[in-house]
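These are the residues of each chain, in order.
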Amino acid sequence: MRDNVELKIVEVKAEDEEIIYKFCDGLDYFPSAIMHDVIDNDFGKVFLLYRNDEVVGIIDYWITFDSSTLAMIYIDEKYRRLGYAKKLMNFMFEDLKNEGVKFASLEVREHNLSAKSLYLSLGYEFINVKEQYYKDGEDALYYVKNIEPSPLILAIESSCDETSIAITRNKKILSNVISSQIEKHRVYGGVMPELASRLHIENILYVLETALKDASVMVEEIDAIAFTRGPGLVGALHVGLEVAKTLSYIYDIPLIPVHHLAGHIYANEYVTELKFPLLAVVVSGGNSELVIMRDHLQFDIIGRTVDDAIGECYDKVARVMGLPYPGGVEIDRLAKKGRATYKLPIPHTQGLYDLSFSGLKTHIINLVNSLNMKGETLNKEDLACSFQEVALAEIVKKVELAAKNFNVKQILVAGGVSSNSRLKEMLHNIYDNSRIELFFPPLSLCGDNAAMIARFAHHLYLKGVHASLDVGVDPNWEITDFNDF
Ligand code: KG4
């Protein structure tokens, strides 16, 4: 069981004045100066550290272009030596990386030994003494820390039926434009590969222009161009690749090839730091895999579907039920109103962590067809609910087994089906009070999008992974190929 302490870092807003005045009561800090940084100082940022519902710490810093200064950091005396100051400082460093800051400075009182040792342990270096810096005449030591450069990444995703381009710096998403083709494919009841490629060609330059405009960035400023190299539809992937190569060639910017499923997994990094070993549960339209990660960029597939992907199964079941494409979201919605009254076969697989959905799908197709032939009515809500209960229970069973056997610290759910409300409920019921942390990407990053591609590309960039201009797409690219990097 996890202990019951929940730590949260929350930005201070104008309406939090009372909280700031109460927290500063009896301290040397002027609450009015802090509120000035919140309200009037465009360069100031102030955050509070909450321990459950109690404010236990504060950090106030200024960012001016590519440099930053720590104005103050304070932790309630009752909560010293718990690593809370370090937590706030690390939070600030992460934010500085997002903002493209190159170095951070601070002044510390000469006698403040614990603060000095904290700053040195965080990588600050002593620069000089500022004599009689403080009002009481005490000298200040001036410390500076270089901030690891965070690349500005432009990422392109075009593996299926979404044309998406994002611009990110570290975990800050400056733009993430997604042009969905779903409406155009709906009439065919699924994605038509040839149509997908054509629509990508029609849309991609507009998406590019919008992404640059939304982010207020010029191509010349970009440090790397990332693109989805695979898996996916070959023609669709090619459109993204050609745009990536053209930008790379004209502007002399390195290219980074990204695996689509790695992108889905790394979408979770916008909400949490990854803790290894972790179990990634990839549930999308084209793939269903259980992946163990022992470190960044290290993927070990321990189980996968032996036939259909879960999303594909959702879509095909929805189609036979007369629901529009893509069917996952429709089944999710209908199932909430139904009961699991239909008796459906439980999938069976040889592999301990493998999955199988085609038997279940075929059974439902036959069931619906035979009801239609007999002229009997189908209770769509109940069938949607029955299908979901069986299919998702199968995934949850394998997840539980793998999480236990591999002793994982985190479970990250990824891919389009990660937005399913029942899957969330089932997994939260199991893991909310467990030592294993469970995460889903934010809803906006569950489906295909380029921000997730940029997130994985960020790690590849730091490792120096680039592709040459003769790189091609790989519609069947295995995620384990990244283990060589
Ligand atoms: O990850 P994704 O956007 O595309 C691939 O890379 O495959 O996944 C799309 C799949 C579709 O099959 C869609 O029906 C399914 O995700 N999906 C859902 C839900 N929302 C989307 N499946 C179940 N419940 C949902 N709420």
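Quick summary incoming for the structure in this document. (Residues numbered from 1 in each chain as written. Predicted model: local features only at pLDDT ≥ 70, side-chain atom pairs only at ≥ 80, totals over all residues. Heavy atoms only, no water.)

A word on the environment of aspartate 161. Structurally, the position occupied by aspartate 161 is in the loop between β8 (152-157) and β9 (162-169). For the pair aspartate 161 and histidine 200, spaced 39 residues apart in sequence, the C-alpha separation works out to 8.0 Å. Sequence-distant contacts of aspartate 161, that is, excluding residues within four places in its chain, are made with Ser179, Ser180, Gln181, Ile182, His185, Val191, His200 and Tyr325. (Helix = DSSP H or I, 4+ residues; strand = E, 2+ residues; numbered from the N terminus. Contact = heavy atoms within 4.5 Å.)

Let's shift gears to the packing of aromatic side chains. All told, the structure shown has 15 aromatic pairs when counted by the stated rule. When the ring of tyrosine 314 is compared with that of phenylalanine 387, the centres are 5.0 Å apart and the planes differ by 80°; the resulting orientation is edge-to-face. Separated by 73 residues along the polypeptide, tyrosine 314 in helix α9 (residues 310-320) and phenylalanine 387 in helix α12 (residues 380-405) bring together distant segments of the chain. Since its relative accessible area comes to 1%, tyrosine 314 is described here as buried. Cation over ring: lysine 145 sits above phenylalanine 93, and NZ or CZ is 4.6 Å from the ring centre. Across the ring face of tryptophan 477, the terminal group of arginine 229 is positioned such that the distance to the ring centre comes to 4.5 Å. (Phe/Tyr/Trp six-rings, centres within 6.5 Å; stacked < 30°, edge-to-face > 60°. Buried < 20%, exposed > 50% of the residue type's maximum accessible area, 1.4 Å probe, protein only. Lys NZ or Arg CZ within 6 Å of the ring centre and 35° of its normal.)

The next point concerns the sheet that holds strand β10 (residues 172-180). With mixed pairing, the 5 strands of this open sheet are ordered in space as β10-β9-β8-β11-β12. Of all strands in the sheet, those bounded by a partner on one side alone are β10 and β12 (255-259). Neighbour to neighbour, the strand axes of the sheet diverge by 20° on average, direction disregarded. In this structure, β8 lies alongside β9, joined through 6 bridges in antiparallel fashion. Each residue of the ladder has a partner; that of isoleucine 156, found in β9, is isoleucine 165. (Pairing = 2+ DSSP bridges. Axes fitted to C-alpha atoms, helices over the stretch in contact; angles between N-to-C directions.)

Applying the stated criterion to the full structure yields 25 salt bridges. Note that glutamate 194 is salt-bridged to arginine 198, the shortest N-O span being 3.1 Å. On the criterion of helical spacing, the pair formed by glutamate 194 and arginine 198 is a turn pair, its members being 4 residues apart in helix α6 (residues 193-215). Three or more residues joined by partner-sharing salt bridges are found here, namely Lys45, Asp95, Glu99 and Lys172. (Salt bridge = Lys/Arg side-chain N within 4 Å of Asp/Glu carboxyl O.)

An ideal rise of 1.5 Å per residue puts 26 Å on 18 residues; helix α7 (residues 234-251) measures up with 26 Å between its terminal C-alpha atoms. In this fold, the buried residues of α7 make contact with β8, α6, β11 (224-230) and β12. Where α7 terminates, the next one or two residues include aspartate 252, which has phi positive at roughly 55°. (Expected span 1.5 Å × (residues − 1).)

Another aspect to go through is the environment of glutamate 157. When you line up the elements, glutamate 157 lands in strand β8. Between the alpha carbons of glutamate 157 and isoleucine 365 there is a distance of 33 Å; along the sequence they are 208 residues apart. Of note is the side chain of glutamate 157, whose polar atom sits 2.6 Å from the side chain of serine 159. (Polar contact = N/O pair within 3.5 Å; in protein donor to acceptor, adjacent residues only side chain to side chain.)

Attention shifts here to the packing of α9 against helix α10 (residues 327-335). Angle between the axes and distance between the axes: these two values describe a pair of packed helices. Contact geometry of α9 with α10 gives a least axis separation of 7 Å together with a crossing angle of 70°. Considering the angle they form, α9 stands roughly perpendicular to α10. Residue-level contacts link Tyr314, Asp315, Val317 and Ala318 of α9 to Gly327, Gly328 and Ile331 of α10. Of the residues in the contact of α9 with α10, the class split is 4 nonpolar, 2 polar and 1 charged. (Parallel < 35°, antiparallel > 145°, perpendicular 65-115°, else oblique. Nonpolar A, V, L, I, M, F, W, Y, C, P; charged D, E, K, R; others polar.)

The strand order across the open sheet formed by 5 strands is β15-β14-β13-β16-β17, and the pairing between neighbours is mixed. Either end of the sheet is taken by a strand with one partner, and the two such strands are β15 (300-304) and β17 (437-439). Each strand of the sheet is rotated relative to its neighbour by a mean of 20°, with strand direction disregarded. By the bridge criterion, 4 bridges tie strand β14 (residues 288-293) to β15 in an arrangement that is antiparallel. Following the sheet pairing, glutamate 289 is matched in β15 by arginine 304. Contacts between α12 and the sheet are confined to β13 (278-283), β14, β15 and β16 (410-414), with β13 contributing the most and set at about 160° to the helix.

This paragraph deals with the site of the ligand. Looking at the ligand, there are 19 residues lining it, with His260, Gly285, Asp315, Gly416 and Asn420 nearest. A distance of 3.1 Å separates an oxygen atom of the ligand from a polar backbone atom of glycine 311. One of the side-chain nitrogen or oxygen atoms of asparagine 420 is found 2.9 Å away from a nitrogen atom of the ligand. In the complex, 86% of the free accessible area of the ligand, which totals 560 Å², lies under the protein chains. Mapped onto the shell around the ligand, the elements with two or more residues apiece are α8 (260-266), α9 and α10. Partitioning the shell around the ligand into residue classes produces 4 nonpolar, 12 polar and 3 charged. Residue assignment places the shell around the ligand across two domains, with domain 2 (152-265 + 448-484) and domain 3 (272-440) each supplying three or more. (Near = heavy atom within 4 Å. Areas by Shrake-Rupley, 256 points an atom, 1.4 Å probe, with all protein chains shown as cover. Domains from an automatic or database assignment.)

Burial runs high along strand β7 (residues 140-146): 6 of the 7 residues are buried. Sheet analysis places strand β5 (residues 103-109) next to β7, joined by 7 bridges and oriented antiparallel. Along β7, the bridge assignment pairs alanine 104 with lysine 145.

In short, geometric facts, not functional conclusions.
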